[in-house]
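A structural walkthrough
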Amino acid sequence: MFFTHLVIEGKMREIVTAASAAGVAVAFGSPIGGVMFSIEEMSHTFSIKTMWRSFFCALIATFTLAAMNPFRTGKLVLFQVTYDRDWHFFEIFFFIILGIFGGLYGAFVVKFNLQVAAFRRKHLANHGVAEAVTLAVITAMIGYFNRFLRLDMTSSMAILFRECEGGGNVYNLCQTEAQWRIANSLLLATIIRIGLVVITYGCKVPAGIFVPSMAIGATFGRMVGIMVKAMYTAYPTSGMFKFCAPDVPCITPGTYAFLGAAAALSGVMRITVTVVVIMFELTGALTYILPTMIVLLVTKAVGDFLGTNGIADEMIRFNGFPFLEKEDHAYNVTGKWRLASIFPILIASCSIVASVMKKELHTLTETGMGVKDIETILSNTDVKGFPIVSADGALTLVGYIDRSELRYVIERARKTRGRISNLPCLFTTHGNDDLDLSRAPALEGDEEHYFAPTTAGELQFTPWVNKTPMTAAPELPLEIVMQIFKRMGPRVILVEQRGVLCGLVTIKDVLRYIATEKPGHRPSWDERGGLDGLLEEIWTWGSDVKARIVSWGLRILRSFD
């Protein structure tokens, strides 16, 4: 049954979704967080059935990990921690700083990692092993001189997340006399690790982005926490700290590391609810759900302002994979099409299937073609499938057949019947042919029935022809076509008008249209000029303000004359 599900693409998507939930659950010891990740990141349309399957997979994976007890500590992950102190409202200002850092970190890594990926594709595509070895040597040489880079990232987070009381004073993290030296070391570790993430993510090594991003956020957050604690130590009577109890430590730097890790992970992956749930399950502290939400909302706001997408989405787009975004694109086609029905000149401005579809198609006729003709078409084209039309020239749509199935039938027929180049091909049935169409092509076993000659000696492709392909009308709104692609997952949608083939639409056609036309598209950070454009605007604004101040000063001086 499992291998049957691998053949059905809808079931395969459910399996991948459930597997992702199990993987995240094991990585963070967070079964509910794994389910939330599969909902937020993996699937466009998430059914209750798929959610329960994801929950079951995450539960079994977490139970297995707990039974194995890999760290012999009773914890599911090495950096699992518990906080028993509350936070104060004046700390919200510093939480916002952590959120801003998370958004800026995500935008920086996504932007420059794509440039590194482009360089890697152009110059290092055939040198994967040498690149991996070089990066490993560079990482070891640089990281050896910093105590927080020498450690494994999970061990480093386990140290940074801890409270100072109860064995948390590792590497003098809690010593007042060493606080500025530790803060400098944490800042250096943050900067170096950001650079290493930018150049290493995407190389031919099975590594991820989750834990490195959390480690970066943890070092930055702990540095901020140490600075806030130093402020409290220097000015304990300040009005900002008047709510601190005198007999209880006011600042817990480990919580800042924890929130910084959440901010960095959310900033680079552009996920919010999942991170909140994961962090709650890591700490078990209900009191820190609100600070986590504040940090992640600020991170999301900064990412939205900069027009940043998640690094996974950007890598999918960079590699040219046909992937539609989760957000629906509204093109306001209803009103336009009503006007176009009155004024035909407006049809070209409507976002409908007719404005996206391909009109020059490679088609097959239901009769009149030979095996040699089919092989010529296969050798001269690289399309994934072919519409089948009537042989009378009217282009009446008969069905659709995949390229792989054409090759499969020809190769099996050649093994069974020898030379077949001059045989005619048949994509429909004759009334006097004894062909049981109720039987599907066998995956294994008895297949000779389908390669036997018909009464006219033709090679039959009929059992492999999809006689009811997904079709759409030329005037159908583009939003509906996108929903069909998202919910049903067809590879291609044929466009027909009253049974006559007009064209076809693929996901790549829709993505190409979105990238070029972009109706109602808000310019991204890069389209607005990026950092260079921002600096230029600031320089122009500053020059204008300076000119106005100088002009105002000269007018005042002239008034005294």
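Below or above, wherever it landed, is the structure these notes cover. Computed from a prediction, not measured in an experiment: that's the story for all the values here.

**Quick look at the overall build of the chain**
If you tally the helices and strands in the chain, you get 20 helices and eight strands. Within the chain, the fraction of its 561 residues that count as buried is 42%. For the chain, the share of sequence-separated contacts (at least 6 apart) that also reach a separation of at least 24 residues comes to 71%. Accessible surface, the chain: about 30100 Å² in total, of which carbon and sulfur atoms supply 63%.

**Re the pairing of strand β7 (residues 492-497)**
As paired strands, strand β6 (residues 471-472) and β7 are joined by two bridges and run parallel to one another. Along β7, the bridge assignment pairs threonine 471 with leucine 494. Between the parallel elements β6 and β7, the chain passes through helix α18 (residues 478-488) in a crossover that is right-handed. Inspection of the sheet shows β7 paired to strand β8 (residues 500-506) by six bridges, in the antiparallel sense. By the bridge assignment, isoleucine 493 is partnered in β8 with valine 505. Between β7 and β8, which follow one another and run antiparallel, lie two residues, and arginine 498 among them has a positive phi close to 55°.

**Quick look at the packing of helix α5 (residues 92-123) against helix α9 (residues 179-200)**
Where α5 meets α9, the axes come as close as 7 Å, and the angle between the chain directions of the two elements is 40°. Between α5 and α9, the interaxial angle falls into the category oblique. Taken as a pair, α5 and α9 cross one another with a handedness that is right-handed. Residues Phe101, Tyr105, Phe108, Val109, Phe112, Asn113, Val116 and Arg120 of α5 pack against Thr190, Ile194, Val197, Val198, Ile199 and Thr200 of α9. Its residues assigned to classes, the contact of α5 with α9 comprises ten nonpolar, three polar and one charged.

**Examining the sheet that holds β7**
Read from one edge to the other, the open sheet built from three strands follows the order β6-β7-β8, with strand pairing classed as mixed. The sheet is open, and its two edges are formed by β6 and β8, each paired on a single side.

The rules we used
Residues numbered from 1 in each chain as written. Predicted model: local features only at pLDDT ≥ 70, side-chain atom pairs only at ≥ 80, totals over all residues. Heavy atoms only, no water. Helix = DSSP H or I, 4+ residues; strand = E, 2+ residues; numbered from the N terminus. Buried < 20%, exposed > 50% of the residue type's maximum accessible area, 1.4 Å probe, protein only. Contact = heavy atoms within 4.5 Å. Areas by Shrake-Rupley, 256 points an atom, 1.4 Å probe, with all protein chains shown as cover. Pairing = 2+ DSSP bridges. Right-handed = clockwise from strand over helix to strand, strands pointing away. Axes fitted to C-alpha atoms, helices over the stretch in contact; angles between N-to-C directions. Parallel < 35°, antiparallel > 145°, perpendicular 65-115°, else oblique. Left-handed = near helix turned anticlockwise from the far one by under 90°. Nonpolar A, V, L, I, M, F, W, Y, C, P; charged D, E, K, R; others polar.

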